[in-house]
Amino acid sequence: MPTPKKFSHLDAQGAAAMVDVARKAVVFRRATATGKLLCQPATVRLLKRQALPKGDVLGVARIAGIQAVKRTAELIPLCHPLPLHRIEIDFRVMAAAIQITCSVETEARTGVEMEALTGVSVAALTLYDMCKAVDQKMRI
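Residues numbered from 1 in each chain as written. Predicted model: local features only at pLDDT ≥ 70, side-chain atom pairs only at ≥ 80, totals over all residues. Heavy atoms only, no water.

**Some thoughts on the pattern of salt bridges**
In total, this model carries 7 salt bridges according to the counting rule given. Of the charged contacts in the structure, one is a salt bridge between Asp 129 and Lys 132, with a shortest N-O distance of 2.7 Å. Exposure remark for Lys 132: the relative accessible area of 41% places this residue in the partly exposed category. Among the ionic contacts, a cluster of salt bridges with common partners joins Arg 30, Arg 86, Glu 88 and Glu 105. (Salt bridge = Lys/Arg side-chain N within 4 Å of Asp/Glu carboxyl O. Buried < 20%, exposed > 50% of the residue type's maximum accessible area, 1.4 Å probe, protein only.)

**Considering the pairing of strand S2 (residues 84-93)**
Note that S2 and strand S3 (residues 97-108) share 9 bridges and pair antiparallel. If you follow Leu 84 over to S3, its bridge partner there is Thr 106. The loop that links S2 with its antiparallel partner S3 comprises 3 residues. (Pairing = 2+ DSSP bridges. Helix = DSSP H or I, 4+ residues; strand = E, 2+ residues; numbered from the N terminus.)

Listed below in structure tokens is the structure:
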């Protein structure tokens, strides 16, 4: 019978615990995540004209995504707080969707994947919130 795998986020008693990264080297790390808000073409047209009721939708979503990246360790249990060197949130507006890309960089002992994913998620949720008055069929 194979030996059960030891889980990295459990202590000797089986309780949730943050992974010890103290012995890992500090190295450059970069992560990029993408997501997409699917919406009606009419919603995209309003967005392009900045005619949505809540104003500068992409600007607000960008700031929301950046703030979320910076607070990832407060939102995701057992995530390490990291010194972030660069956060970039970009949008690609398509005919019936908005693609969101979040890239994060640091020099640390652990990666920034969760930060990039959190940035995309919160930017997408913000877009959804700011467009829901005109489009109830959106999907993330």
